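The lines below spell out each chain.
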Amino acid sequence: DTADEWRTIREQWYRYYLADGQNGEWKYGLKLVLDPEGMSAVRVSGIDPATASDEDLAPFSSHRFEYNDEGRVTRETVRGGEAVYTFAWMTNSAKPGYGAVNTWYRRCIETRPDASTRTVYTNRGGGTILDIEADAGQNPDRWFDYRIYNSDYHLTERATSAAVDSVAEPFNADGDLTVILKNAEGLIHVHTYYDTDDDPTGAVKGYRKTSGIKIGQNGTVTVQRKRRYDTRTIGGAAIHPVREEIE
């Protein structure tokens, strides 16, 4: 080799939809991904990826995507068709605003190749409110991850599945999501934040102040960690590195 020659180390290929359509097409959405292993197989097979059809490339692809008319993925095919994941989307018809931090705005149900599911409810800002893992079957075991935010979208409580007493999910787009926590059972992580700036005490408004745990929603919080911050100005911008972390 000479110094001015290119040598291919590895190659990846991406193909995009060029127009909207009725069969999962969404303009400019990612359609096919061929990882280095797949591209090597394509080259060995004598296929030109620039002119090959989707059907010719699909067996070599690591991912293939289909979309709904809002540009959200509804189907993901991986490893050339070895496994298929589907995604069902629903948006709250009430269209809660960004201030409704603990109200569900969108739901996505992922169904995996083994028929297990993951259901995620998010608020308007995209923060996860409830994450549900469920086995396959008519009466599956379910595991919950429930989160509560303050008005600044900071996480204030995160309840483990053991702390969740019941969950009532919406049946349709105008339904409510209701999560009831146990009073004195189950681990809940609790976080607080500074509500003002005070350099001598290391307080910075909006920054995390303490982290702790409690058992059940009525439990006493045990603080496990507290942070204090410095304030430094660099190029006219203030930054706040951690000064002290107390455990």
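Residues numbered from 1 in each chain as written. Predicted model: local features only at pLDDT ≥ 70, side-chain atom pairs only at ≥ 80, totals over all residues. Heavy atoms only, no water.

Caption draft 1: Spatial organisation of the overall build of the protein chain. Regarding its fold elements, the protein chain presents two helices and 18 strands. The globule rule puts the C-alpha radius of gyration for 247 residues at 18 Å, and the 24 Å found for the protein chain is more than 25% above it. Looking at the protein chain as a whole, 34% of its 247 residues qualify as buried. In the protein chain, of all internal contacts separated by at least 6 residues, the share reaching a separation of at least 24 is 35%. For the protein chain, the exposed surface amounts to about 15,000 Å²; the carbon and sulfur share of it is 47%. (Helix = DSSP H or I, 4+ residues; strand = E, 2+ residues; numbered from the N terminus. Rg over C-alpha atoms; globule rule 2.2 N^0.38 Å. Buried < 20%, exposed > 50% of the residue type's maximum accessible area, 1.4 Å probe, protein only. Contact = heavy atoms within 4.5 Å. Areas by Shrake-Rupley, 256 points an atom, 1.4 Å probe, with all protein chains shown as cover.)

Caption draft 2: Quick peek at unusual backbone geometry. Not every positive phi belongs to a glycine, and Tyr 28 is a case in point at roughly 75°. Among the structural elements, Tyr 28 can be located in the loop between β1 (13-16) and β2 (30-34). A positive phi angle is found at Lys 95, which is not glycine, with a value near 45°. Among the structural elements, Lys 95 can be located in the loop between β5 (83-91) and β6 (106-111).

Caption draft 3: Up close: the nonpolar core. Leu 130, Tyr 146, Val 164, Val 167, Leu 177, Val 179 and Leu 181 are the most contacted members of the largest nonpolar core, which has 17 residues in total. Every element with two or more residues in this core is listed here: β8 (128-134), β9 (142-149), β11 (164-168), β12 (178-181) and β13 (187-193). When residues in this core are grouped by element, the largest group, three residues, is from β8. Filtering out sequence-adjacent residues up to four positions away, Val 179 remains in contact with Leu 130, Tyr 146, Val 164, Ser 166 and Val 167. (Core = buried A, V, L, I, M, F, W, Y, C linked by side-chain atoms within 4.5 Å.)

Caption draft 4: Examining the pattern of salt bridges more closely. Under the criterion given, the structure shown has 20 salt bridges. A salt bridge links Arg 232 to Asp 230, with the shortest nitrogen-to-oxygen separation between them at 3.7 Å. Given a relative accessible area of 46%, Arg 232 falls into the partly exposed group. When salt bridges with common partners are traced through the structure, they connect Glu 110, Arg 112, Arg 118, Asp 131 and Glu 133 into a single cluster. (Salt bridge = Lys/Arg side-chain N within 4 Å of Asp/Glu carboxyl O.)

Caption draft 5: Fine view of helix α1 (residues 36-44). For α1, every residue scored as buried is listed here: Gly 38, Met 39 and Val 42. Buried positions in α1, seen along its axis, are confined to an arc of 95° and lie on one side of it. In α1, the exposed residues that point more than 90 degrees away from the buried face are Glu 37 and Val 44. Packing partners of the buried residues in α1 comprise β1, β2 and α2 (54-57). Phi for Gly 46, located one or two positions after α1, is positive at around 80°. (Arc of directions from axis to C-beta.)

Caption draft 6: Up close: the packing of aromatic side chains. On inspection of all chains with the given rule, the structure shows five aromatic pairs. Relative to Tyr 229, the ring of Tyr 194 has its centre 6.3 Å away and its plane inclined at 80°; by these criteria the two rings are edge-to-face. You can see Tyr 194 sitting in the loop between β13 and β14 (208-215) and its partner Tyr 229 sitting in strand β15 (residues 222-229), a full 35 residues away along the chain. When its relative accessible area of 4% is taken as the criterion, Tyr 229 is described as buried. Among the aromatic residues, those joined into a ring-pair cluster are Tyr 17, Trp 26 and Tyr 67. (Phe/Tyr/Trp six-rings, centres within 6.5 Å; stacked < 30°, edge-to-face > 60°.)

Caption draft 7: View of the environment of Ser 166. Mapped onto the elements of the fold, Ser 166 is located in strand β11. For Ser 166, a relative accessible area of 33% corresponds to the partly exposed category. When sequence neighbours within four positions are dropped, the list of residues in contact with Ser 166 reads Thr 178, Val 179 and Ile 180.

Caption draft 8: Examining the side chain of Ser 116 more closely. Positionally, Ser 116 belongs in the loop between β6 and β7 (117-122). Polar side-chain contacts of Ser 116 include one of 2.6 Å to the side chain of Asp 114. Here Ser 116 is in contact with Glu 110, Thr 111, Ala 134, Asp 135 and Ala 136, once residues within four sequence places are set aside. (Polar contact = N/O pair within 3.5 Å; in protein donor to acceptor, adjacent residues only side chain to side chain.)

Caption draft 9: Geometry of the pairing of β9. Where β8 lies against β9, five bridges are found, and the strand directions are antiparallel. Note on β9: the bridge partner recorded for Glu 133 is Trp 143. Relative to strand β10 (residues 155-159), β9 runs antiparallel, the two sharing four bridges. The partner of Tyr 146 across the bridge, within β10, is Ala 159. (Pairing = 2+ DSSP bridges.)

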